[in-house]
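Residue-level listing of the chains:
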Amino acid sequence: MINVLDRFTDALGAPLRDFSRGRLAALFADPRPSTWEDAHGVVINKQGLTLWQAWIAVDITAPQTGRHVTLDPFDHVIVLQEWDRIPDEAMLGRAIAFALSTDDAD
């Protein structure tokens, strides 16, 4: 799946910056709640679609809310609620195919 990184763009149609590419690459290499949390909001096409929005578009059972956190008095993050679930590799593939096909339709 790492080979699709070159096809993703930001909302202006420019290639993704290294920071966003790295977040997506980490998710593809090790899909778990923390890597999903880092990557779910990355815009992946010129329509401005995020990875999470692409998942919601292809899976009506995808979570509509994400991780909820707060900070303690020392600014340490406390996770109040984790993601109900994250997409598996097959679902990520479907979401990515949808996002890329949306761009190809232009």
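Quantities reported herein were computed from a predicted structural model and do not represent experimental measurements.

Trainee: Just give me the short version of the side chain of threonine 50, but keep the residues and values in it.
Mentor: Along the chain, the position of threonine 50 falls in the loop between α2 (33–39) and α3 (51–58). Other than its neighbours up to four places away in sequence, threonine 50 contacts His40, Gly41, Val42, Val43 and Ile44.

Trainee: Break down a nonpolar patch on the surface for me, citing the residues and quoting the values.
Mentor: Among the surface-exposed residues, Val69, Leu71, Val77 and Val79 lie close enough to one another that they form a single nonpolar patch of about 350 Å² accessible area. Contributing elements (two or more residues each) for the nonpolar patch: β1 (68–71) and β2 (77–81). In this fold, valine 77 is placed in strand β2. Taking the relative accessible area as the measure of exposure, valine 77 reaches 56% and is therefore exposed.

Trainee: How would you sum up the pairing of β1? Please name residues and give values.
Mentor: Strand direction decides the pairing type here: β1 and β2, joined by four bridges, are antiparallel. Bridge assignment links valine 69 to a residue of β2, and that residue is valine 79. What sits between β1 and β2 in their antiparallel hairpin is a turn of five residues, with aspartate 75 showing a positive phi close to 65 degrees.

Trainee: Can you lay out the packing of aromatic side chains for me, pointing to particular residues and giving the numbers?
Mentor: As enumerated under the stated definition, the model contains three aromatic pairs in all. Their ring planes at 90 degrees and their centres at 5.4 Å tell us that tryptophan 36 and tryptophan 55 sit as a pair that is edge-to-face. Placement of the pair is tryptophan 36 in helix α2 and tryptophan 55 in helix α3, with a sequence separation of 19 residues. Both residues of the pair, tryptophan 36 and tryptophan 55, belong to the buried class. Note on tryptophan 36 and tryptophan 83: the rings are 5.7 Å apart at their centroids and 75 degrees apart in plane angle, and the pair reads as edge-to-face. With tryptophan 36 in helix α2 and tryptophan 83 in the loop between β2 and α4 (89–104), this pair connects stretches of sequence that are 47 residues apart. Here tryptophan 36 and tryptophan 83 have matching classes, each one buried.

Trainee: Lay out unusual backbone geometry with the relevant residues and their values.
Mentor: Residues apart from glycine generally show negative phi values, whereas peptide bonds are mostly found in trans. Of note in the backbone geometry, aspartate 75 takes a positive phi value of approximately 65 degrees without being a glycine. Relative to the helices and strands, aspartate 75 is located in the loop between β1 and β2. Assessed through its relative accessible area of 57%, aspartate 75 is described here as exposed.

Trainee: How would you sum up the environment of alanine 57? Please name residues and give values.
Mentor: Checked against the element boundaries, alanine 57 lands in helix α3. Under the relative-accessibility criterion, alanine 57 is labelled partly exposed at 46%. A C-alpha to C-alpha distance of 19 Å links alanine 57 and leucine 27, two positions 30 residues apart in sequence.

About the thresholds
- Residues numbered from 1 in each chain as written.
- Predicted model: local features only at pLDDT ≥ 70, side-chain atom pairs only at ≥ 80, totals over all residues.
- Heavy atoms only, no water.
- Helix = DSSP H or I, 4+ residues; strand = E, 2+ residues; numbered from the N terminus.
- Contact = heavy atoms within 4.5 Å.
- Patch = residues over 30% accessible without salt bridge, like charges linked within 9 Å, V, L, I, M, F, W, Y side chains within 5 Å.
- Areas by Shrake-Rupley, 256 points an atom, 1.4 Å probe, with all protein chains shown as cover.
- Salt bridge = Lys/Arg side-chain N within 4 Å of Asp/Glu carboxyl O.
- Buried < 20%, exposed > 50% of the residue type's maximum accessible area, 1.4 Å probe, protein only.
- Pairing = 2+ DSSP bridges.
- Phe/Tyr/Trp six-rings, centres within 6.5 Å; stacked < 30°, edge-to-face > 60°.

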